[in-house]
Amino acid sequence: MTTDKKDSRFFRFLKLPMYLWTLVFVFVSLTYVIGLSFMGRGELIGVDGLFTLANYARLREPQYLKVLLNSLKLAALTTVLCLSIGYPFGYLMARLKPGARTVVLMLLIVPFWTNSLIRIFGWRILLMGNGPLNTFLQNLGLIEKPLKLLNTEGAVFLGMVYALLPLMIMPSSNAVEKLDYSVVEAARDLGAGPLKAFFTITVPLTLPGLMAGCVLVFIPSMGLFFLNDMLGGGKTLLTGNLIQNLINSRDLPMASALSALMLLVTGAVIALYRKVGGSSGQLSMF
Amino acid sequence: MKKNILSLVALLMAMLIVALSTLGLADEAKTLNIISWEGYVDEDTINAFEQETGIDVIWSPMSSIDEMLLKVQQSGGEGYDLILSSDYSLDILRQEGLLQKLDMSKLPNYANLNPIYLGQFYDPANEYVVPYVSGCVLIVVNKALCPIEVTSYADLWSEELRGSVATLDLSRVIIGLTLKSMGYGMNETDPAILAEAKDKLMQLYPNILTFGDNESYTALSGGEASVGLIYASFASLLLQENPDIQVVYPSEGLGFGVDGFVLTSASQNVDNAHLFLDYLMRPEVAAHNAEYQGYTNVNKAAEEFLSDYYWANPAVNIPAESMEGSEIVQNIGEAETLYTDIYTAFKLQ
Amino acid sequence: MKKKRIGSTLFLTLVLLFLYLPIVVVIVYSFNDNPARIPLQFTGWTTRWYEELFAGKGGYGSALVLSLQVALWSVLSSVVIGTLGAVGMVQATLRSGKGSRGDNLMESIAILPIMIPEIILGLAFMVIFDALGIKGNTIRLVLAHTTFCIPYVFLSVKSRMVSMDTALFDAARDLGATQRRILRDITLPLCAPAILSGAFLAFAMSMDDFVISFFVYGVGEGTLPLKIYSSVKTGVSLRVNALCTLMILAVFLLVAMNQYLQAVRAKKERMLQKA
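Participant: Can you explain the overall build of chain B? Please cite residues and give values.
Facilitator: Counting its regular elements, chain B contains 13 helices and 11 strands. Its C-alpha atoms give chain B a radius of gyration of 23 Å, within 12% of the compact-globule value 20 Å for 349 residues. With the principal axes as the frame, chain B shows a C-alpha extent of 75 × 60 × 45 Å. Within chain B, buried positions represent 50% of all 349 residues. Excluding contacts between residues fewer than 6 apart, the proportion of contacts in chain B whose partners are at least 24 apart in sequence is 76%.

Participant: Report on the domain arrangement of chain B, specifying residues and quantitative values.
Facilitator: When the parts of a complex come together, some accessible area is lost, and that lost area is often taken as the interface size. Residue and element names in this part refer to chain B. According to the domain assignment, chain B consists of domain 1 (31-134 + 258-317) and domain 2 (135-256 + 323-347). Its C-alpha centre places domain 1 at a distance of 25 Å from the equivalent point of domain 2. Of all the secondary structure elements, the ones that give two or more residues to the side of domain 1 that touches domain 2 are helix H4 (87-95) and strand S4 (130-142). Among the elements that line the side of domain 1 that touches domain 2, the one with the most residues is H4, at 5 residues. Taken together, the residues of the side of domain 1 that touches domain 2 break down into 8 nonpolar, 6 polar and 2 charged.

Participant: Summarise the confidence of the model for chain C; cite the residues concerned and give the values.
Facilitator: Do not read the predicted coordinates in detail wherever pLDDT is low. This prediction gives chain C a mean pLDDT of 87; 96% of its residues lie at or above 70. Among the scores for the predicted complex, ipTM is 0.87 and pTM is 0.87.

Participant: Can you tell me about the interface of chain C and chain A, naming the residues and giving the values?
Facilitator: Contacts between chain C and chain A engage 72 residues on the former and 70 residues on the latter. Secondary-structure elements contributing two or more residues to the side of chain C that touches chain A are helix H1 (2-29), helix H3 (61-96), helix H4 (101-110), helix H5 (118-132), helix H6 (137-162), helix H8 (179-208), helix H10 (224-234) and helix H11 (239-274) of chain C. A total of 13 residues in the side of chain C that touches chain A trace back to one element, the largest contributor, which is H1(C). Taken together, the residues that form the side of chain C that touches chain A break down as 55 nonpolar, 11 polar and 6 charged.

Participant: Give me the interface of chain B and chain A: which residues, what numbers.
Facilitator: Across the boundary between the two partners, chain B contributes 20 residues, which contact 20 residues of chain A. Elements with a contribution of two residues or more to the side of chain B that touches chain A: helix H3 (65-75), strand S6 (208-211), helix H7 (213-221) and helix H13 (336-347) of chain B. If one sorts the elements of the side of chain B that touches chain A by residue count, H13(B) sits on top with 4 residues. Of the residues assigned to the side of chain B that touches chain A, the class counts are 6 nonpolar, 8 polar and 6 charged.

Participant: A description of the domain arrangement of chain C should follow, citing residues and the corresponding values.
Facilitator: All names here are of chain C. Domains assigned within chain C are domain 1 (1-58 + 237-275) and domain 2 (61-235). On a C-alpha basis, the centroid separation for the pair domain 1 and domain 2 is 27 Å. In this complex, domain 1 contributes 5 residues to the contact, which on the side of domain 2 involves 4 residues. Residues of the side of domain 1 that touches domain 2, tallied by class, amount to 3 nonpolar, 1 polar and 1 charged.

Participant: Which residues make up the pairing of strand S9 (residues 255-263) of chain B, and what values do they have?
Facilitator: All names here are of chain B. Counting buried residues along S9, 9 of its 9 residues qualify, which places the element largely inside the surrounding structure. Burial of the side chains of S9 extends over both faces: Gly255, Gly257, Asp259, Phe261 and Leu263 are buried on one face and Phe256, Val258, Gly260 and Val262 on the other. Pairing geometry for S4 and S9, over 7 bridges, is antiparallel. Bridging from a neighbouring strand, Val133 pairs with Asp259 of S9. Bridge analysis of S9 against strand S11 (residues 327-328) gives 2 bridges, and the strand direction is parallel. By the bridge assignment for S11, Gly255 is matched with Glu327.

Participant: Give a description of helix H8 (residues 232-241) of chain B that names residues and reports values.
Facilitator: Residues and elements named next belong to chain B. Of all 10 residues that make up H8, 8 are buried, and the element is covered over most of its length. Along H8, the residues that are buried comprise Ala232, Ser233, Phe234, Ala235, Ser236, Leu237, Leu238 and Leu239. Those residues of H8 that are buried are in contact with S4, H7, strand S7 (227-231), strand S8 (245-248), helix H10 (283-293) and strand S10 (296-297).

Participant: Which residues make up the environment of Ile247(A), and what values go with them?
Facilitator: Considering the arrangement of structural elements, one finds Ile247(A) in helix H12 (residues 239-248). When the 25 C-beta atoms within 10 Å are taken as the criterion, Ile247(A) is described as buried. Aside from chain neighbours lying at most four places away, what touches Ile247(A) is Leu252(A), Ala255(A) and Leu123(C).

Participant: Account for the environment of Val215(A), with residues named and values stated.
Facilitator: Among the secondary structure elements, Val215(A) is positioned in helix H10 (residues 207-218). Distance in space between the C-alpha atoms of Val215(A) and Tyr273(A) is 7.6 Å, their sequence separation being 58 residues.

Participant: Give me the packing of helix H4 (residues 98-113) of chain A against H11(C): which residues, what numbers.
Facilitator: Two elements in contact, H4(A) and H11(C), have axes separated by 10 Å at closest approach and are oriented at 145°. Considering the relative orientation of H4(A) and H11(C), their crossing is right-handed. Every residue of H11(C) that contacts H4(A) at Thr102(A), Met106(A), Ile109(A), Val110(A) and Trp113(A) is listed here: Ile248(C), Val251(C), Phe252(C), Val255(C), Ala256(C) and Gln259(C). Looking at the contact of H4(A) with H11(C) residue by residue, the class counts come to 9 nonpolar, 2 polar and no charged.

Participant: Tell me about the pairing of S4(B), and please be specific about residues and values.
Facilitator: Residue and element names in this part refer to chain B. For S4, the tally of buried residues reaches 13 of 13 residues, placing the bulk of the element in the interior. In the sheet, S4 pairs with S7 via 5 bridges, with the strands oriented antiparallel. Counterpart to Ile139 in the pairing with S7 is Leu229. Inspection of the sheet shows S4 paired to S8 by 4 bridges, in the antiparallel sense. Residue pairing in the sheet places Val140 in a bridge with Val247 of S8.

Participant: Go over unusual backbone geometry with me, naming the residues and quoting the values.
Facilitator: Note: most peptide bonds trans; most residues except glycine with negative phi. For Asn151(A), which is not a glycine, the phi torsion comes out positive at approximately 65°. Note that Asn151(A) resides in the loop between helix H6 (132-140) and helix H7 (153-178). Classification of Asn151(A) as buried rests on a count of 32 C-beta atoms within 10 Å. We note that Asn126(B) has phi near 55°; this positive angle belongs to a residue other than glycine. Its place among the elements puts Asn126(B) in the loop between H4 and S4.

Participant: Give me the lowdown on the environment of Phe305(B), citing residues and values where you can.
Facilitator: Residue and element names in this part refer to chain B. Relative to the helices and strands, Phe305 resides in the loop between S10 and helix H11 (308-312). By the C-beta count within 10 Å, which is 18 here, Phe305 ends up partly exposed. In this structure, the C-alpha to C-alpha distance between Phe305 and Ala287, residues 18 residues apart in sequence, is 5.9 Å. Ignoring sequence-local partners within four residues, the contact set of Phe305 consists of Pro283, Glu284 and Ala287.

About the cut-offs
- Residues numbered from 1 in each chain as written.
- Chains lettered and ligands numbered in written order.
- Predicted model: local features only at pLDDT ≥ 70, side-chain atom pairs only at ≥ 80, totals over all residues.
- Helix = DSSP H or I, 4+ residues; strand = E, 2+ residues; numbered from the N terminus.
- Rg over C-alpha atoms; globule rule 2.2 N^0.38 Å.
- Buried ≥ 20, exposed ≤ 12 C-beta atoms within 10 Å, placed from the backbone.
- Contact = placed C-beta atoms within 7 Å.
- Domains from an automatic or database assignment.
- Nonpolar A, V, L, I, M, F, W, Y, C, P; charged D, E, K, R; others polar.
- pLDDT = per-residue confidence, 0-100.
- Pairing = 2+ DSSP bridges.
- Axes fitted to C-alpha atoms, helices over the stretch in contact; angles between N-to-C directions.
- Left-handed = near helix turned anticlockwise from the far one by under 90°.

Structure, rendered in structure tokens:
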């Protein structure tokens, strides 16, 4: 046997566990969900095993459409707000002196390591009608009556931005760090204003990181059902809640159909991202 | 470089050792698995029981009755010994054959229970259920904030309450109370009547601020909601902390429920389960838990241990004349899906 | 120039404040002396939640142990699977000069778990485990967590591999080293930092996962996030806050230590380079 053959056999051996694992737990299980979405509700294990398109037909009912559209709208808004805060933050962070950057990076990582549910619980206390935020504003004399903050769509929106902002900051900052700043300086020397240099040089050059951030924020924001439970007063606002409700009322096929639809949206977003030149490596954040 | 790989190997080894050492910890012999809402039996009570018997109580928290039903039905009850949940759900479990009869000879304290809570639809022959507490769904009003006088369920539909009603999140209860506000019973199965109730219920949505026990409690406590449709337990808490909160017994009659323990047929710890149930029916223990939860005590022998505060609490000690016309949510079998569909449509508005 | 720096500092500070606001609340409430079943108001200072942290039934000991156990097992398996997979794929590409289509496809599928909304994966694991008859809680959690941990390790190791100097491998091969030897003596040592950072990230993700565990988990007290969720749903024990405060402290110390060590090492290297 030649060494080349031996080598490639060795590589195949290295890859084997990952191939197997991926096939069974990712490919088969997701395919299984898609399969369930084409079946009706049944007594045994929740499905009847007969092919039907009824679940997908039901997606057109106004009540489902409304939640789906609302979910997309919230996801899009979250992405835009995360972008407009996270990108400048990432940019400024990357331009800091090394020592200061280390400190800011550290401050960013720590919340990421603390349980996200408990942080959302912190928001819940903050936003209460007689909570710290309202008391503070009242003491300042800015408002007379407590504002209704908690249990609103706005609170859910805030929670989503809060939870996902670091996912925008990291890739942005990484991209800016890699940027060869002499190009920007050259543009400035040639007479470009700071804003023009920023938008014509910096932004295009860091676009991959920026897009990675958008993907990282947009996709999970469709499924964070617990945010809605904890900040939105339990009303059904997100597709994630809808799926959870359907699972609870034992409508697995319909839950699967919605999941398949979300899978499709996710696939479309990633395909779009790849099309404009993004790479999957950039989606690994750190 | 060598150092790097060495430290990596050391780290992996350390992790392996920790992971291995944590695997064989649980002692299977003296355990008792219970599924219910988190903290539904005071942990001091459970600690005392564990001290006394050496049995390790493992509490699986559930966040809703639906979630519990799903989990128990999926596993066939395997892994659970006792289930503490509400009346109609106990009936569903019983009818599906997931429960086993209790051994009354091992439950001498069963005699302590108040007979008016026995022999109910979910357990007509008193074989399966140990009632734990009872409670009503109450209307609470924050006098300082509420613009109208609320005396009935029908008042909840008032235009002036837009966005200010905090309610629990249970399809059967909310639809049941809607039916009551229209003069029907809580357990109607006639599709025509239910369709009528659906139309009525749909109009309630703009008034609702929050769904869910804890969400609604928070909204009432924080002064965001002025009217609540909540369980007695949460009403008790609110009464304690805010003098502006009042309890209203709706003129259409109250909806009430009983939460009780049942034993799964798959239970591996039958004796431990009986020990625990008998312990909970001791008068002092039962009195303590009813007060702790802010629900109505169902244990006759426990009454002498209840405090003055308990007797003065309008959320748990409800005058007999106000209990007239009260109803309990029952298992209605097949028609349940009608309720689920109505509720889904309601919540997806 | 000065004005710009003040503006930028102000912006960074404000955003960081936003990130830390709820954490401050969590920490302050961990000292809240409100014994109510749902303690929403701050009534006074106490340290009792710290003292009772692991005591008795409401303690968080078993949940923490389960979380750690699941995280360790998942990280362990995902480090092995993800590292070998990444090394195998990149090396194969280097040898043959181009990536195989099978590898590319497999990579896209393998990283799906961190791309798609978690709830889909939760549902998928729930139905597939039931279909396969996998019942034990720990095993269900470990299988699920391993699946979403693999991508973190894989991507981290892969990006390190790609940036490595391929001449090293060629030289070793020309000198007669077997691939096994190259793996042990060159690839793994060079990838160690990447493996570590992937492992840490995977660990954090596993410890924090709520959505997937929620659907996968069956009977028992639950992992830490599960217990926190049901506690927030049905009544809050401030012990959660105490526990989280301690965890924040531990993370702060760890991260700070790590940064300090890195700084020291960087300084040493600089000095060596000068000498």
